[in-house]
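# Observations on the three-dimensional arrangement
Below are the chains, spelled out letter by letter.
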Amino acid sequence: MSLKNLGISENLYKRLTGIVKSGNIMHAYIFESSFGLDKEELATEFAKAILCENPQDGDACDGCRACRRAENENNENIIFAEVSDKGSVKDEAIEKLQENLKRKPLEGDRKVAVIPGGDTLTARAQNRLLKTLEEPQGNAVIIILADNVENLLKTIRSRCVIFRISDYSAARGAEMADLAQEIAEMMISGAPTYRIFKMTEDILPDRGKVVELMDALELVYRDLLVSRSPKSRLYKRQYIYSAVDILEEAKHSILSSSGVNAGYALKNALLRIGG
Ligand SMILES: [Zn+2]
């Protein structure tokens, strides 16, 4: 796996590999995306490209020792902050990360730390993180992943290079878009609930995919607002607005620290949209 295989847009690919090629690697980045993108995977591939011993045009070679270790998830220079059972990143997790970054890498000259769920960081954790951003350790690179960068303190944002990723169009995203389209149509035509639920069966156990589907559904509805197709006339604007609200609320309940079960949240949202 490398950045090339992720199905990200050409533009994003060029920007990320351009950073590695130039060697002008900053201390901190934020990847913001709320649309069906596996940010952790993206961060891992970016980290791999940064740590690769023999980068190919700014992308990971996938053959060197650093790459192979990363692929086996045992590259010690790629560190993920611990996410609690409830899906949040706690102050202690940041503290642990900081301790790790203070130690020199055993091999290579750089560590890359990834902080998933940037939106879930408490104020205390963010203030702790801020110290590291203000006094970076050696060559360390920190990548913060967030659905919405506005959930991070301004002082954190101002010290990071922010990537707002909204142009994700990977095959997987397209598949999810098709499913969302189908579900939206079934709902408006009053298909029985059990049949709609059945469509989502495969993705229910996967929290990431459930959120991805909700994003895709939101896009379907938002498109309907601007579309003039005969199909769109079936939908009342109020129905669409309330569907988007319900989906936003459901996503929030999944991603927030209260950590509602994703499958339950999806079903509940579909029921509410169905009215
Ligand atoms: Zn490599």
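Residue numbers here run from 1 along each chain, matching the order of that chain's written sequence. A pLDDT threshold of at least 70 governs which residues receive local features in this predicted model, and a stricter bar of 80 or more applies before side-chain atom pairs are shown or counted, although totals over entire chains, interfaces and linings include all residues. Hydrogens are left out, water is left out, and the side-chain values use all remaining heavy atoms of the structure.

### With respect to the nonpolar core
Soluble globular proteins tend to pack their nonpolar side chains together in the buried interior. Among the nonpolar cores identified, the biggest contains 36 residues, and I183, M187, L213, L217, Y221, L270 and I273 are the most heavily contacted of them. Going along the chain from the N terminus, every DSSP run of H or I of four or more residues is numbered as a helix, and every run of E of two or more is numbered as a strand. For this core, the secondary structure elements donating two or more residues are α7 (171-188), α8 (193-200), α9 (207-226), α10 (237-255) and α11 (262-274). Apart from the residues within four sequence positions on either side, M187 is in contact with I196, Y221, Y239, L270 and I273. The nonpolar core is taken to be a set of buried Ala, Val, Leu, Ile, Met, Phe, Trp, Tyr and Cys residues, with the residues joined through side-chain atoms within 4.5 Å. In this scheme, a residue with accessible area under 20% of its type's maximum is buried, one over 50% is exposed, and one in between is partly exposed, where area comes from a 1.4 Å probe on protein chains only. Core analysis: the next-biggest nonpolar cluster, separate from the first, contains 28 residues, L6, I8, F46 and I143 among them. Contact definition: two residues touch when any of their heavy atoms are within 4.5 Å.

### Remarks on the coordination of the zinc ion
Only nitrogen, oxygen and sulfur atoms count as donors, using a 2.8 Å cut-off from the metal that widens to 3.2 Å for Na, K and Ca. Water is left out, so coordination shells may look unfilled. Distances from the zinc ion to its protein donors, namely C52 (SG), C61 (SG), C64 (SG) and C67 (SG), fall within the range 2.3 to 2.4 Å. In this structure, the zinc ion is surrounded by four donor atoms whose angles at the metal cover 101 to 118°, and the resulting shape is tetrahedral. All donor residues of the zinc ion come from one chain, and their arrangement in sequence is C-x8-C-x2-C-x2-C. Here C64 lies in the loop between α2 (39-51) and α3 (65-71) and C52 lies in the loop between α2 and α3, a separation of twelve residues in the sequence. Neither residue differs from the other here; C52 and C64 are each classed as buried. Geometry assignment treats four donors as tetrahedral when all angles are between 85 and 135 degrees, treats four as square planar and six as octahedral when opposite donors are over 155 degrees apart and all others between 65 and 115, and treats everything else as irregular.

### Focus: the domain arrangement of the protein chain
Domains assigned within the protein chain are domain 1 (3-164) and domain 2 (171-274). Contacts between the two partners involve ten residues from domain 1, matched on the other side by ten residues from domain 2. Here the buried area means the combined drop in accessible surface, using a 1.4 Å probe, for two parts upon being joined, counting both sides. A buried area of about 760 Å², summed over both sides, lies between domain 1 and domain 2, and 50% of it is on carbon and sulfur atoms. Basic side-chain nitrogens of Lys or Arg form a salt bridge, by our definition, when they fall within 4 Å of a carboxyl oxygen of Asp or Glu. At the boundary of domain 1 with domain 2, the tally comes to zero salt bridges. Here the bounds of each domain stem from an automatic or database domain assignment.

### Regarding the packing of helix α1 (residues 10-22) against α2
For helices, the fitted line uses only the C-alpha atoms of the stretch in contact; every axis is such a line through C-alpha atoms, and the angle between N-to-C directions lies from 0 to 180 degrees. One way to put it is that α1 packs onto α2 with a least axis distance of 9 Å and a crossing angle of 35°. Note on packing geometry: the crossing formed by α1 with α2 is right-handed. Residues L12, L16, I19 and V20 of α1 lie in contact with α2, whose contacting residues are L42, F46, A49 and I50. By convention, the crossing between two helices is left-handed when the near helix turns anticlockwise from the far helix through less than a right angle, and right-handed when the turn is clockwise.

### A closer look at empty space enclosed by the protein
Both cavities and pockets are sets of points on a 1 Å grid over the protein atoms alone; in a cavity a 1.4 Å probe fits but cannot get out, in a pocket the set is open with protein on both sides within 12 Å along at least five of seven lines, and lining residues sit with an atom within 4 Å of a point. Grid points are joined across faces, edges and corners, and a volume is the space filled by probe spheres set on the points. Counted according to the given criterion, the structure contains two cavities of 30 Å³ or more. Looking at the second largest cavity, its volume works out to about 40 Å³. Forming the walls of the second largest cavity are H27, T132, L133, P136, Q137, A140 and I142. In the scheme used here, Gly and all other residues not listed as nonpolar or charged are polar, with Ala, Val, Leu, Ile, Met, Phe, Trp, Tyr, Cys and Pro taken as nonpolar and Asp, Glu, Lys and Arg as charged. Along the lines of polarity and charge, the residues of the lining of the second largest cavity split into four nonpolar, three polar and no charged.

### Description of unusual backbone geometry
With a phi close to 55°, D57 is a non-glycine residue in the positive phi region. Within the element layout of this structure, D57 appears in the loop between α2 and α3. Judged by its relative accessible area of 57%, D57 falls in the exposed class. Here the phi dihedral of E73 falls at roughly 55°; this positive angle occurs in a residue that is not glycine. Mapped onto the secondary structure, E73 falls in the loop between α3 and β2 (78-80). E73 sits in the exposed class, given a relative accessible area of 74%.

### Observations regarding the layout of surface pockets
Within this model, the second largest pocket holds a volume of roughly 430 Å³. Lining the second largest pocket are 21 residues, with N75, N77, P105, E107 and G108 positioned closest to its centre. Among the elements of the structure, α2 and α3 are those that each provide at least two residues to the lining of the second largest pocket. The greatest single-element share of the lining of the second largest pocket, amounting to three residues, is contributed by α3.

### Overview of the sheet that holds strand β1 (residues 28-32)
By way of backbone hydrogen bonds, the strands of a sheet pair with one another, either parallel or antiparallel. Taken in spatial order, the five strands of this open sheet run β2-β3-β4-β1-β5, and their pairing is parallel. The outermost strands of the open sheet, each flanked by one partner alone, are β2 and β5 (161-164). Strand-to-strand twist of the sheet, defined as the mean angle between neighbouring strand axes without regard to direction, takes the value 20°. One requirement defines pairing of two strands: DSSP has to find at least two bridges between them. Inspection of the sheet shows β1 paired to β5 by four bridges, in the parallel sense. Each residue of the ladder has a partner; that of I30, found in β5, is I162.

### Here we look at the side chain of E32
Inspection of the secondary structure assignment puts E32 in strand β1. Ignoring any residue separated from it by four or fewer positions in sequence, one finds E32 in contact with A146, D147, N148, V149, F163, R164 and I165.

### What about the side chain of K251?
Inspection of the secondary structure assignment puts K251 in helix α10. Here a polar contact means two N or O atoms within 3.5 Å. Within protein one must be a hydrogen donor candidate and the other an acceptor candidate, and residues neighboring in sequence count only if both atoms are side-chain atoms. Polar contacts involving the side chain of K251 include one to the side chain of E248, which spans 3.2 Å. Those residues within four positions of K251 in sequence are excluded, and the remaining contacts are V211, M214, D215 and E218.

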